[in-house]
Amino acid sequence: MSRKLSWVLSLLVALTLVLAACGGNNQQSAAPTEAPPATEAPPAAEAPTEEPTAEEAPTVEETEAVTETEATTDTEAVTATEETTATEETTTTEETTATEGAAAPGGLSLPEIDPETPLGRALAGEFEGTTVTMFGPFTDEDAVKFDGTVAAFEEATGIDIQYEGSKEFETTISVRVDAGDPPDIADFPQPGLLSNLVSTGAVVDVSTFLNSEHLTSNYNQSWLDMAMMDGPDGEIMAGVWHRFNGKSLVWYPKDDFDAAGYTIPTTWDELMELTETIASDGDTPWCIGIESGTATGWPATDWMEEIMLRTTSLENYDAWTSGELHFSSPEVTHAAEVMAEIWQNEAYVYGGTGGIVSTFFGDSPTPMFDDPPKCWLHKQGNFITSFFPADAQAGVDYDFFYFPPIDEQYGKPFLVAGDIMAMFADRPEVEAVMEYFTYGDSVKAWLAAGGALSPHMDASLDWYGDDVERGIAELVQESTSVRFDGSDLMPGEVGSGSFWKGMTDWIAGTVDLPTALEEIDAAWPR
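*Asks:* So what's going on with the nonpolar core? Which residues, and what values?
*Replies:* One finds Phe 188 and Phe 437 to be the most contacted residues of the largest nonpolar core, which totals 88 residues. Element by element, the count of residues in this core is highest for strand E11 (residues 413-423), at seven residues. Counting residues in hydrophobic clusters, the runner-up holds 51 residues, among them Tyr 262, Trp 268, Leu 274 and Val 332.

If you want it as structure tokens, here you go:
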């Protein structure tokens, strides 16, 4: 029962009894006694999902006024009345608790937590005064946002999370683990790197203490699948996903798009029809650029990953990213051929196919904001908005839609990049922090500040402070499957080496497609 509801009912009971006492000549005076507290209503059958708002809690002054009034009422009468009212309160509470929620310790937005779990024990204060060390790639503003998003947990549990960020995380974490000096928890933006450490036996299997029913209810199954990695004694759950960035997005100049009478495509055929319509109107449909210094070619690998997810099974995608399905296979070759329908059509790409390789990826959407637009469609992750003109307004000057499915049998997959938290020290307070990371509350403050998306089912869309990120999160919730950026799962020789180079050479026309795919395969460590 909310504190506000309890206070109101108590006040009504007190006022009713005062009026009854004044109106009856035969009412005997009773010595003033302090009224007993209202009978607590039993908990609702379902766990609450939200905490009550600050406005629901009565002020100190209001509480004291109620207590003073109740102290002058007849104790037996109050008790009898409260016994009658308790049933009504119980009914009301059971009807409202499931949606209204109950306050969590320290202002956390958590459901009812099993007190026997590590997180439940932490919330009971069992681990107060302990320290959990963390290491990851968050620096500068991102480090501040991370510290802010765990502050309420630290206050509620007394556990001190000491986070250290480094721009050299990928190199340093392996050195620290090899030297026997790992952090308690590490944040991996590249699951492939984590997989290497899992194979050595250095990573704790989180499935040994996390409730499987909770995990399956709070994550799309794809997230759990992506956390499974091979250890020396078999497959383990190597960590939990904390935040992510979405990639399966197409951006467009909304005001001009609407004025032209174009409609959002929901299938690949409709996307190709839109592409042809824009070209027939005398404009260039797509803005594409892959130049990125020593990383030139990576945007092309994203397109390949998107199309693989839409033209073959998840099993084949996973086999491809692990090296079991070769680039020269019919499945990967077909994905490249579908991609070529747009990329190698001179009329479809701003600057022509030759301009793709020389155009910096961050500059490629800029012509979309010209008046009139010089290109109309740009596929890229949500980070690309930081390269848009400073005065461009979301929902006015630009908007986005989901990169459509190609073969309906493969559903609506979503390509992501993100962070998986892995554990190196098996202590109860560390387990508590890891369990906390499986709830949306662990990233709530970051959602409000902007710059993150939550993979958790219990993360409310209302928590997002940015309308664009809220819209992307909604698309991901509607997706049928999720898979991580493929190149980040592959060995560095391929994912950030031959894959980038092979796609660049093919788009530039220096090699044909079969040669490019064979050269990518050749770099795979066997």
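*Asks:* Can you lay out the environment of Tyr 163 for me, pointing to particular residues and giving the numbers?
*Replies:* Checked against the element boundaries, Tyr 163 lands in strand E2 (residues 160-165). On the basis of relative accessibility, which here comes to 14%, the residue Tyr 163 falls in the buried class. Once residues within four sequence positions are removed from consideration, Tyr 163 is found in contact with Met 134, Phe 135, Gly 136, Pro 137, Phe 138, Ala 143, Phe 146 and Asp 147. There is a polar contact of 3.3 Å between the side chain of Tyr 163 and the backbone oxygen of Gly 136. Polar side-chain contacts of Tyr 163 include one of 2.7 Å to the backbone nitrogen of Phe 138.

*Asks:* Help me get a handle on the packing of aromatic side chains, residues and values and all.
*Replies:* Enumeration according to the criterion identifies 39 aromatic pairs in this entry. Their ring planes at 35 degrees and their centres at 5.8 Å tell us that Phe 138 and Tyr 163 sit as a pair that is tilted. Residue Phe 138 is found in the loop between strand E1 (131-136) and helix H5 (140-157), and its partner Tyr 163 is found in strand E2; the two are separated by 25 residues along the sequence. The interplanar angle of 70 degrees and the centroid separation of 6.2 Å between the aromatic rings of Phe 360 and Phe 387 together place this pair among those described as edge-to-face. Highlighted residues: Phe 360 in the loop between helix H15 (352-358) and strand E9 (375-379) and Phe 387 in the loop between E9 and strand E10 (399-402), separated in sequence by 27 residues. Grouped by ring-pair contacts, the aromatic residues Phe 138, Phe 146, Phe 153, Tyr 163, Tyr 436, Phe 437 and Trp 446 constitute a single cluster. Here the guanidinium or amino end of Arg 176 rests over the ring plane of Phe 135, the centre of that ring lying 5.1 Å away.

Analysis parameters
- Residues numbered from 1 in each chain as written.
- Predicted model: local features only at pLDDT ≥ 70, side-chain atom pairs only at ≥ 80, totals over all residues.
- Heavy atoms only, no water.
- Core = buried A, V, L, I, M, F, W, Y, C linked by side-chain atoms within 4.5 Å.
- Buried < 20%, exposed > 50% of the residue type's maximum accessible area, 1.4 Å probe, protein only.
- Helix = DSSP H or I, 4+ residues; strand = E, 2+ residues; numbered from the N terminus.
- Contact = heavy atoms within 4.5 Å.
- Polar contact = N/O pair within 3.5 Å; in protein donor to acceptor, adjacent residues only side chain to side chain.
- Phe/Tyr/Trp six-rings, centres within 6.5 Å; stacked < 30°, edge-to-face > 60°.
- Lys NZ or Arg CZ within 6 Å of the ring centre and 35° of its normal.

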